[in-house]
Amino acid sequence: MNNEIYLDANATCATLPVAVEAAVDVMAERFGNPSSSHATGIRAKRVLDEARACARRVIGAGGGRLMFTSGATEGIQTAVVSALAQVRERQLAGQPCGTLLVYGATDHKAVPESLAHWNRLLGTKLELACLPVDGKGRHRLDVLRALAPEAALVCTMAANNETGVVSDLAGIEAVMREEGREALWMVDCVQALGKLPLALADTRIDYAPFSGHKLSAPKGIGMLYVREGAPFTPLIAGGGQEGAQRSGTENMAGIAAFGAVLKALEQGGVFRSHGELAAYRERIVLALREAFPGIVFNAPFDLALPTTINFSVPGLASREVLDLFDATGVRVSAGSACSASKAQPSYVLQAMQLPAWRATSAVRLSFGPQVDAAFIDAACQRIVRCGAALRADPLALSGQARGAGVLQMSCEGRAGWLVFEQREELCVAIDPPAALAARIAALARSHGYAVRAVLTTEDDAQARAGCDALCSALAESGVLFEAGWPRQGASVRLGDASVVPAIRIGDQWLARVAQGEDAFYLLGAANGPDLPASDVRFAFIGGAQAPGCAEGVPLARMRGATERLASLVNADTALCRSVESDTPPWSTPAALAHGGGVLGSLLAVQPLLCRPALAGVANVLQVEQQSLERFLATHPDAVLVDVREPAEHAAGPATLHGRAALNVPMSRLAEQAGRWLRDESRPLVFVCRSGNRSARAALQLQRIGYAQAWHLSGGMALAT
Ligand code: PLP
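Residues numbered from 1 in each chain as written. Predicted model: local features only at pLDDT ≥ 70, side-chain atom pairs only at ≥ 80, totals over all residues. Heavy atoms only, no water.

The name that an unreviewed UniProt entry assigns to the protein chain is cysteine desulfurase, with the source organism given as Massilia solisilvae. Listed in UniProt under the heading Cofactor (unreviewed entry), the comment for the protein chain reads: "pyridoxal 5'-phosphate". (UniProt positions renumbered as here; feature names shortened; annotations may be inferred.)

The following block contains the structure:
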């Protein structure tokens, strides 16, 4: 892990060495139960008391309660239960208690989820009201002013975990103090600890949950401050630990470690000042601007924690930036760690009403306040390297000369195809998804390509929208293009002796086979005026002919198209569809004939398609991490294939056990599959970052009949 630059501190961070020592000490030496009355217990109690006393001083707890919890989520539950228990009592006594539970629109999900949960469970029947934020991420005080008189509890946060935006707590407090305001107030202080000065007892805040692991203590330890006199109900009852405020034998390792972190915070010297951190941020921002010239920052620096930078790069989805960073050993995230696996737009940025593209492409970079200048320098160097990798030619394939290629472009269930010829600097777009128009135009412009045709296979609204979007984007980018089938072209004779229009793309023919209003396109070697079935490497067939996609398409129309198609291709032709559902958007006739489905059964009757495909591939073949070295030694002819994007590969090429990987991204798999099928005996071992993409690649190759397609389980993340 030495090579790793960890910039995801808002998710969690490494434990400080003094905290590790403190934890080990209470596990090995002062291991007693602080409730025991003997000397071993008393020594443990001392650790507990010292940690609590230090915590009280650090957050300025005054006469308030301070209890250790398992983390902020538990602290939030305790605060919510305490407030709602009071509401319930008042409701039963017929006293006024407010009707609203107000929470900030950018609050951590733990807050609204807990409010809804306990409100339902306790039967308090209050209404949840979301307090909006402005474009800078600050709470709308005018709305709070309107909601507060009816509020039983108001929840806000001190600083946001995704954007670092620091709340105007003084402004909120002023509203909360206005006459007639009785509401209780919880402030989630998780991201504030160690980064903002705290003097809680001097404020009107009733509850403040904290989490240890956001400031270099271990996970599973946190604390809750409760203002003196604020209603309190224990969430966990039992043996009466923590003054009966939170029962259960204390997590002494966590408490000792958290105590050590708080002591370091109090004594100074470990955590940097605001000024130092702001200077670090400035350096990172400079590096980011150099790496990604079009970058936009999603929160104003003057209102945000200096340790959090949230940004979007036009034309790059969060996932792509994350993968790129990951390839250079830089760990960042797309938003909160809790939603990282869901790949959804950031609700925090949506609440700030930022344009949709910024919410879907947001990246959060965060560092802990204990970092030093050397770390920041190393981070900046890596970030700049990411930018350089991004400029790697996305159409280059390692180990291959410049030439013709086919790139798959998928987005939101649509799949488009770009046929290109590098030497002649031209390309043809088939079924371009509208959402990718800007990106295709940028690609064509950066490569100086002319777009000879923008084509659809089916005459439907979605296909037309994709073509229109691409044509506008090309026009805007100043790229030379022709919409539809080119006016000037040639013709070729196909396998069934029919003569159809065709265009030359380098040393290949692209032929158009019209089927009523629809068409399919065949791509293959241009050997004179013929394009026999044996030479057809690709057929772009749209969505209607896809297995499982027959709904709404008259079978007769499909049958005609499919029978014609089957007579014009060979068993290994890549059949490229315009839809991507659970199955990948391309296959081969041989695989489909075996796999069944409408198209499959039609293709199966064609005598031409006799290549045996693997029957029912159920499980992907995988090489376990610990067996990879042996696998490579026993298969000297095995080829490692890195299916990450070219920029990721350029940022951190894959070499495993001394063997360098070829880079064939997922978007070029259809193109390469034909080549591999011709030499089926060599084992292919697909690799990627986490093992997801490589599993899909191996499965896809197996499906089309490649018996020796493996993938490295767990990916390179576990190999390094
Ligand atoms: N609140 C905020 C602002 C957070 O960032 C987090 C952690 O992601 C939590 C609450 C939950 O903290 P814990 O993991 O300690 O339960």
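Read on, since the account is not over.
Participant: Tell me what's going on with the overall build of the protein chain, and back it up with residues and numbers.
Facilitator: Counting secondary structure elements, the protein chain contains 22 helices and 32 strands. Along the first, second and third principal axes, the C-alpha atoms of the protein chain reach 95 × 60 × 45 Å. Looking at the protein chain as a whole, 55% of its 720 residues qualify as buried. Within the protein chain, contacts between residues at least 6 apart in sequence are counted, and of these 67% link residues at least 24 apart. (Helix = DSSP H or I, 4+ residues; strand = E, 2+ residues; numbered from the N terminus. Buried < 20%, exposed > 50% of the residue type's maximum accessible area, 1.4 Å probe, protein only. Contact = heavy atoms within 4.5 Å.)

Participant: Tell me about the packing of helix α3 (residues 72–92) against helix α4 (residues 110–121), and please be specific about residues and values.
Facilitator: In contact at an axis separation of 10 Å, α3 and α4 are set at 40° when each is read in the N-to-C sense. By the angle class used here, α3 and α4 are oblique. Here α3 runs over α4; the crossing is right-handed. Along the contact surface, α3 presents T73, I76, Q77, V80, V81 and L84, while α4 presents A110, V111, S114, L115, W118 and N119. Its residues assigned to classes, the contact of α3 with α4 comprises 8 nonpolar, 4 polar and no charged. (Axes fitted to C-alpha atoms, helices over the stretch in contact; angles between N-to-C directions. Parallel < 35°, antiparallel > 145°, perpendicular 65-115°, else oblique. Left-handed = near helix turned anticlockwise from the far one by under 90°. Nonpolar A, V, L, I, M, F, W, Y, C, P; charged D, E, K, R; others polar.)

Participant: I'd like a rundown of the nonpolar core, residues and numbers included.
Facilitator: Grouped together as the largest cluster of nonpolar side chains are 55 residues, with contacts concentrated most on I59, L193, F210 and M223. Broken down by element, this core gets its largest block of residues, 10 residues, from helix α7 (residues 252–267). What L193 contacts, discounting residues up to four positions off in sequence, is V58, I59, L198, F210, L215, F258, L262 and L265. Formed by 40 residues, the second largest nonpolar core is a distinct cluster that contains V419, L426, F540 and V639. (Core = buried A, V, L, I, M, F, W, Y, C linked by side-chain atoms within 4.5 Å.)

Participant: Account for the pattern of salt bridges, naming residues and giving values.
Facilitator: Tallied over the entire structure, the rule returns 29 salt bridges. R493 is paired through a salt bridge with D530; the nearest N and O atoms lie 3.0 Å apart. Residue R493 is found in strand β18 (residues 490–494), and its partner D530 is found in strand β22 (residues 530–531); the two are separated by 37 residues along the sequence. On the basis of relative accessible area, D530 is assigned to the partly exposed category, the value being 26%. Each of the salt bridges in this network shares a partner with another, and the network as a whole consists of E4, R319, D323, D326, R331, E648, R689 and R693. (Salt bridge = Lys/Arg side-chain N within 4 Å of Asp/Glu carboxyl O.)

Participant: Can you lay out the sheet that holds strand β9 (residues 296–297) for me, pointing to particular residues and giving the numbers?
Facilitator: The 3 strands lie next to each other as β9-β10-β12, forming an open sheet whose pairing is antiparallel. What marks the edges here is a single partner per strand, and that holds for β9 and β12 (362–366). Two elements, strand β10 (residues 308–312) and β12, share 5 bridges in a ladder whose sense is antiparallel. Looking at β12, one finds that S312 is bridged to A362. Helix-sheet contacts for helix α8 (residues 274–291) involve β9, β10 and β12, and the interaxial angle to β10 is about 15°. (Pairing = 2+ DSSP bridges.)

Participant: Explain the sheet that holds β22 residue by residue, including any values.
Facilitator: Read from one edge to the other, the open sheet built from 8 strands follows the order β22-β18-β19-β20-β21-β23-β24-β25, with strand pairing classed as mixed. One side of each edge strand has no neighbouring strand; the edge strands of this open sheet are β22 and β25 (586–587). Where strand β19 (residues 499–505) meets strand β20 (residues 508–515), 4 bridges bridge the pair, whose relative direction is antiparallel. Bridge pairing in β20 links A502 to A511.

Participant: Just give me the short version of the domain arrangement of the protein chain, but keep the residues and values in it.
Facilitator: Partitioning the protein chain into domains gives domain 1 (5–10 + 272–390), domain 2 (66–248), domain 3 (404–609) and domain 4 (621–718). Look at where the C-alpha atoms of domain 1 and domain 4 centre, and you get two points 30 Å apart. Each side of the interface is counted separately: domain 1 has 9 residues, and domain 4 has 8 residues. Of all residues in domain 1, the largest losses of buried area upon contact with domain 4 belong to D323, A327 and A389, amounting jointly to 57% of the total for that side. Seen at the junction of domain 1 and domain 4, the total is 3 salt bridges. When the shortest N-O distance is used, the salt bridge between D326 and R689 registers 3.0 Å. (Domains from an automatic or database assignment. Buried area = accessible area lost by both parts, 1.4 Å probe.)

Participant: Break down the pairing of strand β27 (residues 639–642) for me, citing the residues and quoting the values.
Facilitator: Across a regular strand the side chains alternate sides, sitting on one face of the sheet and then on the other. Alternating residues of β27 divide into V639 and V641 and L640 and D642, and every residue in both groups is buried. Bridging between β27 and strand β31 (residues 684–687) involves 4 bridges; their strand directions are parallel. When the bridges of β31 are listed, L640 appears paired with V685.

Participant: I'd like a rundown of the packing of helix α2 (residues 39–59) against α7, residues and numbers included.
Facilitator: At a closest axis distance of 9 Å, the pairing of α2 and α7 adopts a crossing angle of 40°. Classified by the angle their axes make, α2 and α7 are oblique. Between α2 and α7 the crossing geometry is left-handed. Where α2 approaches α7, its residues A44, V47, L48, A51, C54, A55, R57 and V58 are matched on the opposing element by M252, I255, A256, G259, L262, K263, L265 and E266. Residue classes in the contact of α2 with α7 are distributed as 12 nonpolar, 1 polar and 3 charged.

Participant: Residue-level account of the confidence of the model for the protein chain, with values.
Facilitator: On average, residues of the protein chain score 90 in pLDDT, and 92% of them are at 70 or above. Ignoring residues within four places in sequence, the model shows residues 338–342, a span with pLDDT below 50, making 2 contacts including any to other chains. Segment residues 605–615: pLDDT under 50, and 28 contacts once partners within four positions in sequence are set aside and those in other chains are kept. (pLDDT = per-residue confidence, 0-100.)

Participant: For the packing of aromatic side chains, give the residues involved together with the corresponding values.
Facilitator: Under the definition given, this model contains 8 aromatic pairs. Consider the rings of F292 and F325, whose centres lie 6.0 Å apart with planes at 45°: the pair is tilted. Placement of F292 in the loop between α8 and β9 and of F325 in helix α9 (residues 318–327) is noted, with a sequence separation of 33 residues between them. The pair formed by F292 and F325 is uniform in burial state, with each residue classed as buried. Geometrically, the ring pair formed by W676 and F686 is edge-to-face, given 5.7 Å between the ring centres and 75° between the ring planes. Within this pair, whereas W676 is found in helix α20 (residues 669–677), its partner F686 is found in strand β31, the two being separated by 10 residues in sequence. Overall, the relative accessible area of 10% leaves W676 in the buried class. Note on F686: relative accessible area 0%, which makes it buried. An aromatic cluster of three or more residues is present, and its members are F292, F311 and F325. (Phe/Tyr/Trp six-rings, centres within 6.5 Å; stacked < 30°, edge-to-face > 60°.)

Participant: Account for the side chain of S167, with residues named and values stated.
Facilitator: As for its position among the elements, S167 is in the loop between β5 (151–157) and α6 (169–177). Judged by its relative accessible area of 10%, S167 is buried. When near neighbours in sequence (up to four residues on either side) are disregarded, S167 contacts R138, H139, M157, A158 and I172.

Participant: Outline unusual backbone geometry, supporting the account with residue identities and numerical values.
Facilitator: In this model, K125 sits at a positive phi of 55°, which is unusual for a non-glycine residue. If you trace the backbone, K125 turns up in the loop between α4 and β4 (127–131). One non-glycine residue, D431, adopts positive backbone phi at about 50°. One can find D431 in the loop between β15 (426–430) and α13 (437–447). The exposure class of D431 is buried, given its relative accessible area of 6%.

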